[in-house]
Amino acid sequence: MFTGFMSNTWIVATLVGVVAGMVGFFVVLRRAAFAAHVLPLGAFPGAAAASVLGVSELAGIGVFCGLGVLGISQLQRWDRREVATALWLAVALALGTLFLSMTSEYSQGVYALLFGEVLGVSSHALAPVAVSSAVAIGMTALLFRPLLLDSLSPELAEAAGAPSRRLELAFLTVLALATAMTLPVVGALMVFSLMVGPASAARLLTDRPRVALALTIGLALATVWGSIALSYLTDWPVGFFIGALAALSYAGGRMRAARQAR
Amino acid sequence: MTDTAALSVHGLRVSFSGRPVLKDVQFEVAAGEFCALIGANGSGKTTLLKAILGLLRPQSGEVRIEPGAAGARIGYVPQKISIDPYLPLRSRDVVALGLDGARWGWPRRSRADDARVQEMLEAVGAIEFAERRVGQLSGGQQQRVLIAHALVRRPRLLLLDEPLANLDVRSTAEIVALLRRLSAQYRTAVLLSAHDMNPLLAVIDRIVYLASCCAVSGKADEVIRTEVLSRLYGYHVDVVRVHGRVVVIAAHEPEEIRAALARDPVHTAQVP
């Protein structure tokens, strides 16, 4: 389980865990769980389009993640945040339906893209994942304080000189980047479980912002590593374990918080 | 602008999609002055504060602010905010974000920064709940933490948008007394908006009264007078004092109030 092509899997899984943890921390703090659900699902049609055009699926996913950021932030100028997010999903899924109807060879890839393909990561997939991880981690660290202030109160951030709209655009960009690299590994349906589960648990366990971030990353890593190991041992899908462990970590956090309240 | 003004607003005009909100607002707040911005709901108090903060661009007019220490110009406490009870931020972290919350990069705070945060927490009486999650504090406690957040960089001007709304009588009195004390202690000019002037009348140096898109300002007993406010509203209002409280009453209701009364008879004719 630690040899040959599996070593790539562990490297990618580690990067995915760190990025999903870091970005997921702010997904939960910024109440952006819906966007974290919609961006990967809305990127999925990109893979279908890529297959119609005969280009790399990763390119298609990347393009649709970018379109998602532009679409959601443009729609947010006109309407409420979750309405804007949902409208983007409506458009993306419409396109996805159309693209899927145009191709026949695509269907075998559908399953992998929805539920992930973590057990088969090839060497040439490593470099792009490493680069986008570095960018996503760097941007989140750079924007740590403004994002924290903005999650406390957008008005306070605005008055301090960190305009909410620009922060939202920057954050959606990081989220899209994290999505594009995480999606092929854990799948479109599982990206947001990995982002929301560990972060929502960590913030119950500590009231210190930097400790909560570290704890989120730790829990996300434990979730990814544990899921791969369990999937390897049981032959059950990785996606099952990611979702189950995410829910379990939240349950653990809840119990701990309840014990502290007593 | 006089030499000692912490804030001077001149000929300020703001309109939203053609509808004027502020037509010709001017007033000054002297350094260290404790000043109330009074007006009815929708009279443009928040708009005026946002224009002073530079968050919206006025059609014309000028806002000048005396620069504070280390570039800190204005402290700001927004209207009632709702905070996630599980947000991993303690009161102490919120005050620290007042020092450097807009700055990029990984936070590295010096011992001097920690000391400033500690001093500010003491100044607002937030030591007891300094280590508690800010989302789990009461409204009055949150207000203290947000005031510390706004003052930690020692601005020369502090703006507060309806800080007394949603507070009970006792917390209102405590927050007013706290602001008065901090204003004197740090020589920070304070401009706080409220729809009810009564909890403030005893302590303020100056009142800015906003109505009909314009403002009058001066000492409270110069402004809260029948002839001054009638001129401002553009119709006759009576300033009535009952048991030490002030009420402003429209003698003849203006058209929109008469229309509201016709729709809903329980409306009173009191403005604001």
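In short, a report on the structure. (Residues numbered from 1 in each chain as written. Chains lettered and ligands numbered in written order. Predicted model: local features only at pLDDT ≥ 70, side-chain atom pairs only at ≥ 80, totals over all residues.)

**Comments concerning the overall build of chain B**
Put simply, the test is: Secondary structure counts use DSSP, requiring at least four H or I residues in a row for a helix and at least two E residues in a row for a strand, with both numbered from the N terminus. For the radius of gyration, the atom set is restricted to C-alpha positions; the globular benchmark scales as 2.2 Å times the number of residues to the power 0.38. With C-beta atoms placed from the backbone, a residue is labelled by how many other C-beta atoms lie within 10 Å of its own: buried for 20 or more, exposed for 12 or fewer, partly exposed between the two. Contact criterion: two residues are in contact if their C-beta atoms, reconstructed from the backbone, are within 7 Å.
For chain B, the count of helices and strands is 8 helices and 11 strands. For 272 residues, the compact-globule formula gives about 19 Å, and the C-alpha radius of gyration of chain B, at 20 Å, lands near that figure. For chain B, the spread of C-alpha atoms along the principal axes amounts to about 60 × 40 × 35 Å. Per-residue burial for chain B yields a buried fraction of 41% across its 272 residues. At a minimum sequence separation of 6, the contacts of chain B that also span at least 24 residues come to 65%.

**Examining the interface of chain A and chain B**
Our working rule: Any residue that is not Ala, Val, Leu, Ile, Met, Phe, Trp, Tyr, Cys, Pro, Asp, Glu, Lys or Arg is counted as polar, Gly included; the first ten are nonpolar and the last four charged.
Between chain A and chain B, the contact holds 27 residues from the first and 23 residues from the second. For the side of chain A that touches chain B, the secondary structure elements donating two or more residues are α6 (126-142), α7 (144-152), α8 (154-160), α10 (191-205) and α11 (209-234) of chain A. By residue number, the principal contributor to the side of chain A that touches chain B is α7 of chain A, which donates 7 residues. Residues belonging to the side of chain A that touches chain B are distributed by class as follows: 17 nonpolar, 4 polar and 6 charged.

**Overview of the packing of α10 of chain A against α11 of chain A**
Residues and elements named next belong to chain A. Heads up, the rule is: In this analysis an axis means a line fitted to C-alpha atoms, helices contributing only their contacting stretch, and an angle means the value between N-to-C directions, from 0 to 180 degrees. Under this scheme an angle from 65 to 115 degrees is roughly perpendicular, one under 35 degrees roughly parallel, and one over 145 degrees roughly antiparallel; angles in between are oblique. Left-handed describes a crossing whose near helix is turned anticlockwise from the far helix through less than a right angle; right-handed describes the clockwise counterpart.
Taken N-terminus to C-terminus, the directions of α10 and α11 make an angle of 135°; their axes are 8 Å apart at the nearest point. Here α10 is positioned oblique relative to α11, judged by the angle of their axes. Crossing geometry of α10 relative to α11 is assigned as right-handed. Listed contacts from α11 to Leu 194, Gly 197, Pro 198, Ala 199, Ala 201, Ala 202, Arg 203 and Leu 205 of α10 are Ala 212, Leu 215, Thr 216, Leu 219, Ala 220, Thr 223 and Val 224.

**Remarks on the nonpolar core**
Short version of the rule: A set of buried residues qualifies as a nonpolar core if it consists of Ala, Val, Leu, Ile, Met, Phe, Trp, Tyr and Cys joined through C-beta atoms within 7 Å. Domain start and stop positions are those given by an automatic or database domain assignment.
Formed by 160 residues in total, the largest nonpolar core has its most connected members in Val 23 and Leu 175 of chain A. When we break this core down by domain, the ones giving at least three residues each are domain 1 (1-66 + 156-224) and domain 2 (81-153) of chain B. Residues in contact with Val 23 of chain A, not counting those within four places in the same chain, are Ala 136, Thr 140, Val 174, Leu 175, Ala 178 and Met 195 of chain A.

Remember, this is a structural readout, not a statement about activity or role.
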